[in-house]
Amino acid sequence: MKWSKEKSITLFYFVLYLTVALTIALHQPLNDTFPSLPNPPDEHSRYKVPLYVCNHGTIPTGYEEELFSGNCRWTYGFYTLLPYMVQGYVMRFVNLFTDSPLALLYTARLVNVTFGFIMAYIVLLLGKKLFRDDRVRWLFCFLVTFLPQSIFLHTYTNPDSMCLLSTALMLYGLVRGYGDGFSGKSCAFLTTGVILCALSYYNGYGFILGSILLFIAYFIKKEAGKWSLDWKPFLKKGIFISVIVLLCISWQFIRNYILYDGDIIGLTSMDKLVRSYGIIRETYFSQGKSLFSMLFGTNFFMKVALSFIANYGSTTLFTWKIIYLFYLGIFALGIAGMIFCRSTGQEPLTDRKWLNVFFHIIMVFCIAMPVILLIQYAYTKDYQAQGRYIMPGLIPLMYYVARGLEKLPLWKKSPEKWKNVLSVLVMTGIVASLLIMVYVSALPHYLSVPVL
């Protein structure tokens, strides 16, 4: 069987992901190490949750003393627990063979490396559905998977990794469903994505709402000037998805309702616990400062943008300025091309114009919602100008960037030979940026301190 170019790129894609992800996961330290703080954000506190599951075989409440870290009077036990449960029970299995603290830490991290690997595969499948030009398809895959901050989130203990996987599953289920009328497989992908998102990260909930709206919209028809809902397939497929989702996620909210006096999310109870210790968080809102002063008086958007691209360690390790300029330039060109340039003749998702328009409205909503939630949280709860909080919008954003680059006159008017050159140059820039961030900007800091 002849070895094709497609197979070579695919092999490179997965090998590069595993090489870089394992390098980070196996070398970054767990605890705070001054002055560089190369440890991942709050991992020393997050890791206590799967470690509790590993040690006790049960999931904790937010009040467990084992989960507190120093003077920090709140715990990650109040948050969604599925990612930590998966890590904890896999650690519990590994603990049958070894008591090594390092082996258990690596196990927790490698669970997320695995989530990232599955996500990379789903993104690959999604690209085949979204792009006709293989060069643009691979550009999209590289943008999603090899953005330095994207791969970083799959290398330490956090819920973000599962959330990113869930958005890939939901979007793939929707795109596939729009093509096959929501077959059993498409519904399975969508259902799995909704479940994982609901049980992993609240910032991704906008994607769940968007998926519900897009699912319903598919069954709305306009015939002879009249709108109607195709009830039979809608109920058949919708009830199946709803029942499975509710069966799989309801335990979390029922448990919270019982444990936290009706607080199904758990975050209000966490705030009450913090206040019970006399701890008051000073925020822009509590100090009477305007939202405008936070957004534009602190370079908020620039900080978020830079840390969305590459910001390792405890938000302390940055990389070369040229890498940020490279990505900001790619984003600007892609978005400008998407907005101002004519279509390239790419086949739409459906033959219903209004549904295609609605799909893009929802995708923009999925990009914007994490940004809105971040701004609200930073202003009223805790100032955090960090790009990792808006990562749930990563895949639709990169779709528009790739599509926008494809619509630019420079691309459309170039002969095939130059399109090959341009695509290779951009993808080389993406890979080089990742390698520089990991092996030049971050790894020396990792190697300078002990892991535990």
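Residues numbered from 1 in each chain as written. Predicted model: local features only at pLDDT ≥ 70, side-chain atom pairs only at ≥ 80, totals over all residues. Heavy atoms only, no water.

(A) Highlighting the overall build of the protein. Summing up its helical and strand segments, the protein has 19 helices and two strands in all. Against the globule reference of 22 Å for 452 residues, the protein gives a C-alpha radius of gyration of 22 Å, in line with a compact fold. Going through the 452 residues of the protein one by one, you find that 55% of them count as buried. A sequence separation of at least 24 residues applies to 76% of the contacts in the protein between residues at least 6 apart. Taken as a whole, the protein presents about 20,400 Å² of accessible surface, with 68% of it coming from carbon and sulfur. Distance between charge centres in the protein, computed from 39 positive and 23 negative side chains, equals 10 Å. (Helix = DSSP H or I, 4+ residues; strand = E, 2+ residues; numbered from the N terminus. Rg over C-alpha atoms; globule rule 2.2 N^0.38 Å. Buried < 20%, exposed > 50% of the residue type's maximum accessible area, 1.4 Å probe, protein only. Contact = heavy atoms within 4.5 Å. Areas by Shrake-Rupley, 256 points an atom, 1.4 Å probe, with all protein chains shown as cover. Lys, Arg positive; Asp, Glu negative; His and termini not counted. Charge placed at Lys NZ, Arg CZ, Asp CG, Glu CD.)

(B) Structural view of the nonpolar core. Formed by 121 residues in total, the largest nonpolar core has its most connected members in Tyr13, Phe140 and Tyr312. If sequence neighbours within four positions are ignored, tyrosine 312 has contacts with Ile24, Pro148, Gln149, Ile151, Phe152, Leu317, Leu434, Met437, Val438, Ala442 and Tyr446. In terms of nonpolar packing, the next biggest core, distinct from the first, is built from 14 residues, Trp74, Tyr76, Met85 and Tyr260 among them. (Core = buried A, V, L, I, M, F, W, Y, C linked by side-chain atoms within 4.5 Å.)

(C) Structural context of the side chain of histidine 154. Examined against the element boundaries, histidine 154 turns out to sit in the loop between α7 (148-152) and α8 (160-180). Contacts of histidine 154, omitting those with residues within four sequence positions, involve Tyr17, Arg109, Asn112, Val113, Gly116, Met119, Ser161 and Leu164.

(D) Inspection of helix α16 (residues 353-380) at higher detail. The end-to-end C-alpha distance of α16 is 40 Å, a good match for the 40 Å that 28 residues give at a rise of 1.5 Å each. At alanine 368, α16 shows its largest bend, some 25°, and a proline, proline 370, comes one to four positions later. (Expected span 1.5 Å × (residues − 1). Bend = angle between axes of the 7 residues up to and from the residue.)

(E) Quick peek at the pattern of salt bridges. Considering all chains together, one arrives at nine salt bridges under this definition. Of the charged contacts, one joins aspartate 180 and arginine 176 as a salt bridge, the two residues approaching to 3.6 Å between their closest N and O atoms. Of this pair, aspartate 180 and arginine 176 both sit in helix α8, four residues apart, which is roughly one turn of the helix. A single salt-bridge network, built from bridges that share partners, covers Asp133, Arg135, Glu416 and Lys419. (Salt bridge = Lys/Arg side-chain N within 4 Å of Asp/Glu carboxyl O.)

(F) Looking closely at the packing of helix α5 (residues 101-130) against helix α6 (residues 134-146). Packing of α5 against α6 leaves a shortest axis separation of 9 Å and a crossing angle of 150°. Taken as axis vectors, α5 and α6 run roughly antiparallel relative to one another. The crossing of α5 and α6 is right-handed. In this structure, α5 contributes Met119, Ala120, Val123, Leu124, Leu126, Gly127, Lys128 and Leu130 to the contact, and α6 contributes Arg137, Trp138, Phe140, Cys141, Val144 and Thr145. Its residues placed into classes, the contact of α5 with α6 shows ten nonpolar, two polar and two charged. (Axes fitted to C-alpha atoms, helices over the stretch in contact; angles between N-to-C directions. Parallel < 35°, antiparallel > 145°, perpendicular 65-115°, else oblique. Left-handed = near helix turned anticlockwise from the far one by under 90°. Nonpolar A, V, L, I, M, F, W, Y, C, P; charged D, E, K, R; others polar.)

(G) The environment of tyrosine 312, seen in detail. As for its placement among the helices and strands, tyrosine 312 is situated in the loop between α14 (300-309) and α15 (321-340). Taking the C-alpha atoms as reference, tyrosine 312 lies 9.4 Å from leucine 153; in sequence the two are 159 residues apart.

(H) Up close: unusual backbone geometry. The residue leucine 37 is not glycine, and still its phi comes out positive at about 45°. In this fold, leucine 37 is placed in the loop between α1 (5-27) and α2 (43-46). Unlike most non-glycine residues, aspartate 42 shows phi in positive territory, near 60°. Tracing the backbone through its elements, the reader meets aspartate 42 in the loop between α1 and α2. We classify aspartate 42 as partly exposed; its relative accessible area is 29%.

(I) Representation of the packing of aromatic side chains in the model. Using the criterion set out here, one finds 45 aromatic pairs in the structure. Both rings, one in tyrosine 76 and one in tyrosine 79, keep their centres 5.4 Å apart while their planes meet at 40°; by these two values the pair is tilted. On the basis of relative accessibility, which here comes to 22%, the residue tyrosine 79 falls in the partly exposed class. Judged by centre distance (5.1 Å) and plane angle (85°), the ring pair of tyrosine 218 and phenylalanine 219 falls under edge-to-face. Here tyrosine 218 and phenylalanine 219 have matching classes, each one buried. Taken together, Phe12, Tyr13, Phe14, Tyr17, Phe117, Trp138, Phe142 and Phe146 form an aromatic cluster joined through their ring pairs. The lysine or arginine in question, lysine 289, covers the ring of tyrosine 284, its NZ or CZ lying 5.4 Å from the ring centre. For arginine 352, the ring lying beneath its charged end belongs to tyrosine 218, and the centroid distance is 5.1 Å. (Phe/Tyr/Trp six-rings, centres within 6.5 Å; stacked < 30°, edge-to-face > 60°. Lys NZ or Arg CZ within 6 Å of the ring centre and 35° of its normal.)

(J) Main features of the pairing of strand β1 (residues 220-223). Examined bridge by bridge, β1 and strand β2 (residues 226-229) share four bridges and lie antiparallel to one another. Bridging from a neighbouring strand, isoleucine 220 pairs with leucine 229 of β2. Counting the residues in the hairpin turn of β1 and β2 gives two residues, including alanine 224, whose phi is positive at 55°. (Pairing = 2+ DSSP bridges.)

(K) Just the state of the cysteines, in detail. Summed over all chains, the structure comprises zero disulfides. No disulfide involves cysteine 366; its sulfur sits 9.4 Å from that of cysteine 197, the nearest cysteine. (Disulfide = S-S within 2.5 Å.)

(L) Region of the structure containing the environment of lysine 237. Within the element layout of this structure, lysine 237 appears in helix α11 (residues 231-259). Of note is the side chain of lysine 237, whose polar atom sits 2.9 Å from the backbone oxygen of phenylalanine 182. (Polar contact = N/O pair within 3.5 Å; in protein donor to acceptor, adjacent residues only side chain to side chain.)

(M) Focus on the environment of valine 94. Relative to the helices and strands, valine 94 is located in helix α4 (residues 82-94). Residues valine 94 and threonine 107, 13 residues apart in the sequence, show an inter-C-alpha distance of 7.7 Å. Beyond its immediate chain neighbours, meaning those up to four positions away, valine 94 contacts Leu104 and Thr107.

(N) Highlighting a nonpolar patch on the surface. Where nonpolar side chains cluster on the molecular surface, the patch consists of Trp231, Leu235, Ile239, Phe240, Val243, Ile244 and Leu247 and spans about 690 Å² of accessible area. Examined against the element boundaries, isoleucine 244 turns out to sit in helix α11. (Patch = residues over 30% accessible without salt bridge, like charges linked within 9 Å, V, L, I, M, F, W, Y side chains within 5 Å.)

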